[in-house]
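# A look at the structure
Here is how the chains run, residue by residue.
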There are 2 protein chains.
Amino acid sequence: MAMAAAAAASSQHLGLALITSLACLRGRAGAITSAASKLSYILSESAGYILREPICRPRSLSASATTQESVRGPSQAGPPSTDGGVIDTSPPRGTRDFPPEDMRLRTWLFNNFREVSSLFGFEEIDFPVLESEELYIRKAGEEITQQLYNFEDKGGRRVTLRPELTPSLARLVLQKGKSASLPLKWFAIGQCWRYERMTRGRRREHYQWNMDIIGIPGVEAEAELLSAIVAFFSKLGITSSDVGIKISNRKVLQEVLGRSVIPESSFAAVCVIVDKIEKIPRAEVEKELTALGLPVEAVDTILRALTLRSLDDLEELLGSDNEAVVELKQLFELARGYGFEDWLQFDASVVRGLAYYTGTVFEAFDRTGTLRAICGGGRYDKLLSTFGGVDTPACGFGFGDAVIVELLKEKKLLPELNHEVDDIVMPLEEELRPQAAIVAARLRTQGRRVDVVMGNKKMKWAFKHAERLQAKRMVILGSTEWTKGSVRVKDLSSREEKDLPLEEL
Amino acid sequence: MAMAAAAAASSQHLGLALITSLACLRGRAGAITSAASKLSYILSESAGYILREPICRPRSLSASATTQESVRGPSQAGPPSTDGGVIDTSPPRGTRDFPPEDMRLRTWLFNNFREVSSLFGFEEIDFPVLESEELYIRKAGEEITQQLYNFEDKGGRRVTLRPELTPSLARLVLQKGKSASLPLKWFAIGQCWRYERMTRGRRREHYQWNMDIIGIPGVEAEAELLSAIVAFFSKLGITSSDVGIKISNRKVLQEVLGRSVIPESSFAAVCVIVDKIEKIPRAEVEKELTALGLPVEAVDTILRALTLRSLDDLEELLGSDNEAVVELKQLFELARGYGFEDWLQFDASVVRGLAYYTGTVFEAFDRTGTLRAICGGGRYDKLLSTFGGVDTPACGFGFGDAVIVELLKEKKLLPELNHEVDDIVMPLEEELRPQAAIVAARLRTQGRRVDVVMGNKKMKWAFKHAERLQAKRMVILGSTEWTKGSVRVKDLSSREEKDLPLEEL
């Protein structure tokens, strides 16, 4: 046939192009595959995003590493076929596909994000995954702005796949301008990207749940956010003996810095450096702070302040009128009201790696200490003014899709999620297809999820299929029954079978 | 304070950077804004994606143009402020933000996609929005492969924002290899991108619902897909007098071409050209076909065949044994069974603009003729083999998020979607915040959606707020009631008020 030959020809065409241009890619594909199979949720050495979820370990959302391995198909199955070779079937380096089993988990997780957000009266929003690079130009040395997945589009514009959602949110708030009635309580679930050399099998994308409150200067806003995070954990079966939330306030560091002769413009940069205290050697942190122009004694004062772990000690250091002290105390009082005080602990070493935080900062951590931060956030009252708007109080958090899945797996709290089908409709003869269509249409009108057996399959296959899908009933069409206006219905749990008139289905 | 000054300094820093580097962007921003405000669903001159949804008009998912206009804030509000200027608050050219009102519509639409897919027993999947460019290298001259949003990443790889979902699906099927139990019934809802010069205000991204069946050679697969499309329309209140589905089969053209002396490798290219027959002058189509090497009489035969509108005439031309005739007749018979025959009409001019279709092709259209195709799809039995896999029968469709919203708007079928909140919790004094937290936490545990009034608002504001949110109840905390262990509850529809003990809330 003309068509077959045409397709074959174009296949070869494409095949040759791919052999030439994919040569290097394919060489690395093997490495990706084996790296991926090593990366289970347990065995992990990858670091994560420095953003609202600064130290998560982005990894596959798949429920099991085994699943990931078993789906590797033809690309591993030996040399490419002679007619042009199989393309690289992996998704681009550092990215994920979501086959049905992984997608079910993602949907379940996102639905939980949505349900909690809704309980707290938040409205969902979204932005383009591609943004202007300018939104992320900050000079404080954050990892996130150094790893932009950026490029120049064909119109010469500098654009980037968004590394985080907050700048887009700020942009939208500015755009709404005076038409927005404050406070805004918004949430978003979006994919974020970063580019870095894949030296340690890190992922280049993850999804992030954000909740933000715009327009409220007081810590009742932070309290609502923290309460939502705890409600989410609780909904999933995670308790305060599994997870804690470390909390501090950037005004602690601000006060300490204010006592030294430090250029005020260095504040954000200091925070970004100090945030690395648990990730890089102390000497390195000291070196970086000194390089900013900080005197040795200031560096020492900062690092000593970071060791504080009690509010009383903080009060002793800064005085009871200090804003950080006042805000933290209020927050703990509200936490008692909400009933999540046992999740919360003051920890001055929490600074967060994003330049724009100005007040409260917090991050949730796994109490066994094996995982990195589960989520993080804080107050960023100056972000809108850095974009040219007026100062607008704001706070929010980012909650990634990677570490939480690791945690759920460790705690054996991952749900068993199956593809759900109610009825399998099976015509015993090909001639009964139009009748099978009648039956399927009738059942679907009733809201039943129906899988019609296609492609001339045997009864044995259909039953195996029904079992795999955990279907509730098998509806079988035979010509004898059909002439009597009936179909055969088998209940797959009770194993009972009976003939039912079509109108009683 | 040190912090305030630091932030101000960094603000200015950023401001200056933005002034310099955003100068050209800002110049164009005005044009975007005014273009965007002109683009209502009614007034439209934009063309759309040539893909599975080849002639949709991607446009905002916003329910009303007014909404879009009213959200324009500072960027239109006059000259930038003196301290650095407001950034461009529009999303990148040709893309959309989803503020709450637009997001609700999107969520409603996507939920309908999901519910219908689930009724038909399909499983959801997803892929990275960024893919290897190689997946889309096809030589047939399709608009979709000429408008890739592609670039070279920092590792020297050619990547692109995906213009369609089908090649990713084929890649995943290949990856699954033998572990996949055919047939696969998969659906996806994903954002797709294309880059073209924005001469007519076209959008550069849209979302697309895809349903695909892999592994079934017979037209019972197409019948299931078409039945799902019709079920979706019906669910939304659209009838067969609003929308029809034109259907044909590429084997018609294949048979006609087979009778001429035409290089078989030109088949896909011929289809891509012929697809433009209603969009560009006939003379232009003839010229392009002749340029492919087709003799004048072949061009004439093709164009005459495309005028056929009845299956009887087709049978007369090709004979009753012709595969296209047999398959189309079977499909109409199944449509009768499913009960959607009145939606279906044979139309030989439907060819679709994607190179990879091999059999059935179809597209849904608005019967008033004012909108472009609502969705489209067909059979692509050779796509997997062009990727180096074995031939695997497959069919599917793409259904964009733009034209359907226009249609729903015209038919006045757009739902009224509100932000939903059950209770507003209002502390009358700031001192009662911890108590408000107790109340809110209690109500949320019961599954009620609670909005806590933050930021020292007046009672008047709270009632206005409750009205705007269409909340069911106002729960007011006063110190007198609280000392008695009660709160004041006002039912906002009946206007009844009473004091309730906390434990009865």
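Residues numbered from 1 in each chain as written. Chains lettered and ligands numbered in written order. Predicted model: local features only at pLDDT ≥ 70, side-chain atom pairs only at ≥ 80, totals over all residues. Heavy atoms only, no water.

## Focus: the overall build of chain A
- Each helix and strand counted, chain A has 18 helices and 16 strands in total.
- Looking at chain A as a whole, 63% of its 505 residues are labelled buried.
- By sequence separation, contacts in chain A at least 24 residues apart represent 70% of the contacts at least 6 residues apart.
- Within the structure as shown, chain A displays about 18,400 Å² of accessible surface, and the carbon and sulfur contribution to it stands at 52%. (Helix = DSSP H or I, 4+ residues; strand = E, 2+ residues; numbered from the N terminus. Buried < 20%, exposed > 50% of the residue type's maximum accessible area, 1.4 Å probe, protein only. Contact = heavy atoms within 4.5 Å. Areas by Shrake-Rupley, 256 points an atom, 1.4 Å probe, with all protein chains shown as cover.)

## Some details on the environment of A:Leu105
- The residue A:Leu105 is located in helix α4 (residues 100-119) in this model.
- For the pair A:Leu105 and A:Glu224, spaced 119 residues apart in sequence, the C-alpha separation works out to 27 Å.

## Points about the packing of helix α10 (residues 282-291) of chain B against helix α11 (residues 296-305) of chain B
Residue and element names in this part refer to chain B.
- Orientation of α10 relative to α11, taken along the N-to-C sense of each, is 130°, at an axis distance of 10 Å. One finds that α10 runs oblique with respect to α11. Crossing of α10 against α11: the hand is right-handed. Contacts between α10 and α11 pair Arg282, Val285, Glu286, Leu289 and Thr290 from the former with Val299, Asp300 and Leu303 from the latter.
- Of the residues in the contact of α10 with α11, the class split is four nonpolar, one polar and three charged. (Axes fitted to C-alpha atoms, helices over the stretch in contact; angles between N-to-C directions. Parallel < 35°, antiparallel > 145°, perpendicular 65-115°, else oblique. Left-handed = near helix turned anticlockwise from the far one by under 90°. Nonpolar A, V, L, I, M, F, W, Y, C, P; charged D, E, K, R; others polar.)

## Quick notes on unusual backbone geometry
Residue and element names in this part refer to chain A.
- Here the residue pair Leu182 and Pro183 is connected by a cis peptide bond, since its omega of 0° sits within 30 degrees of zero.
- If you trace the backbone, Pro183 turns up in the loop between α6 (166-176) and β5 (184-193).
- Of note in this structure, Lys412 is not a glycine but carries a positive phi near 55°.
- Residue placement: Lys412 occurs in the loop between α15 (403-410) and β12 (423-427).
- Assessed through its relative accessible area of 73%, Lys412 is described here as exposed.
- Even without a glycine there, the phi angle at Gln470 is positive, about 55°.

## Brief notes about the interface of chain B and chain A
- Every contact between the two is made by 129 residues of chain B and, on the other side, 130 residues of chain A.
- Approximately 11,200 Å² of surface area, both sides summed, lies buried where chain B meets chain A, with 62% of it carried by carbon and sulfur atoms.
- Broken down residue by residue, the surface that chain B buries against chain A is led by B:Lys154, B:Gln175 and B:Met454, which jointly contribute 7%.
- For the pair chain B and chain A, the number of links is 14 salt bridges.
- Between B:Arg106 and A:Asp126 there is a salt bridge, with its nearest N and O atoms 3.0 Å apart. (Buried area = accessible area lost by both parts, 1.4 Å probe. Salt bridge = Lys/Arg side-chain N within 4 Å of Asp/Glu carboxyl O.)

## Points about the UniProt feature "binding site: L-histidine" (unreviewed entry) in chain A
Residue and element names in this part refer to chain A.
- Mapped onto the present numbering, the UniProt feature "binding site: L-histidine" (unreviewed entry) falls on Glu164, Leu165, Thr166, Arg194, Gln208, Asp212, Arg352, Tyr356 and Tyr357.
- If you trace the backbone, Leu165 turns up in the loop between β4 (158-161) and α6.
- Using a relative accessible area of 2% as the deciding quantity, one classes Leu165 as buried.
- If we ignore the near neighbours within four places in the chain, the residues touching Leu165 are Phe127, Ala188, Gly190, Cys192, Gln208 and Asn210.
- For Gln208, a relative accessible area of 0% puts it in the buried group. (UniProt positions renumbered as here; feature names shortened; annotations may be inferred.)

## Comments concerning the pairing of strand β15 (residues 486-491) of chain A
Residue and element names in this part refer to chain A.
- Here four bridges tie strand β14 (residues 473-477) to β15, and the two strands are oriented antiparallel to one another. Looking at β15, one finds that Arg473 is bridged to Asp491.
- Relative to strand β16 (residues 497-501), β15 runs antiparallel, the two being bridged by five bridges. Within β16, the position partnered with Val487 by the bridge is Leu500.
- Where β15 hands over to β16, the hairpin turn is made up of five residues, of which Arg495 adopts a positive phi near 70°. (Pairing = 2+ DSSP bridges.)

## Here's the deal with the relation of the copies chain B and chain A
- The transformation that overlays chain B on chain A combines an axial shift of 0.0 Å with a rotation of 180°, and the residual RMSD is 0.0 Å. Look at the turn and shift together and you get a two-fold axis relating the two. When C-alpha positions in chain B are compared against the rotation axis, the closest is assigned to B:Phe151, at 3.5 Å.
- When the interface residues of chain B are mapped onto chain A, 100% of them again lie at the interface, so the same face is used by both copies. (Least-squares fit on C-alpha atoms with pLDDT ≥ 70 in both.)

## Observations concerning the sheet that holds β15(A)
All names here are of chain A.
- Pairing is mixed across the open sheet formed by five strands, whose spatial order is β13-β12-β14-β15-β16. The sheet terminates laterally at β13 (450-452) and β16, the two strands that pair on one side only. Within the sheet, the average angular offset between the axes of one strand and its neighbour, ignoring direction, is 25°.
- Pairing between β12 and β14: five bridges, direction parallel. By the bridge assignment for β14, Val425 is matched with Val475.

## Considering the packing of aromatic side chains
- Inspection of the entire model under this criterion finds 37 aromatic pairs over all chains.
- Centroid distance A:Phe233 to A:Trp343: 5.7 Å. Interplanar angle 10°. Geometry classified as stacked. In this pair, A:Phe233 sits in helix α7 (residues 220-235) while A:Trp343 sits in the loop between α13 (323-338) and β8 (344-346), placing the two residues 110 residues apart along the sequence. You'll find A:Phe233 and A:Trp343 in the same group, each marked buried.
- Among the aromatic side chains, those forming a connected cluster through ring pairs are A:Phe98, A:Phe110, A:Phe113, A:Tyr207, A:Trp209, A:Phe232, A:Phe233, A:Trp343, A:Phe397 and A:Phe399.
- A cation sits over an aromatic face here: A:Arg444 above B:Phe120, 3.6 Å from the ring centre.
- Looking at B:Lys457, its charged tip hangs above the ring of B:Trp461, at a distance of 5.0 Å from the centre. (Phe/Tyr/Trp six-rings, centres within 6.5 Å; stacked < 30°, edge-to-face > 60°. Lys NZ or Arg CZ within 6 Å of the ring centre and 35° of its normal.)

## Notes on α7(A)
Residue and element names in this part refer to chain A.
- With 16 residues, α7 extends 22 Å between its outermost C-alpha atoms, agreeing within 8% with the 22 Å of an ideal straight helix rising 1.5 Å per residue.
- Most of α7 is tucked away: 13 of the 16 residues are buried.
- Gly237 sits one or two positions beyond α7 and adopts a positive phi of about 95°. (Expected span 1.5 Å × (residues − 1).)

## Quick look at the side chain of A:Asp366
All names here are of chain A.
- For Asp366, the location among the structural elements is in strand β9 (residues 360-366).
- With no salt bridge to any partner, buried Asp366 finds its closest opposite charge in Lys411, at an N-O distance of 4.5 Å.
- At 2.8 Å, the side chain of Asp366 forms a polar contact with the side chain of Thr368.
- Asp366 has contacts with Asp242, Val243, Leu371, Ile374 and Leu407, leaving out every residue within four places of it along the chain. (Lys, Arg positive; Asp, Glu negative; His and termini not counted. Polar contact = N/O pair within 3.5 Å; in protein donor to acceptor, adjacent residues only side chain to side chain.)

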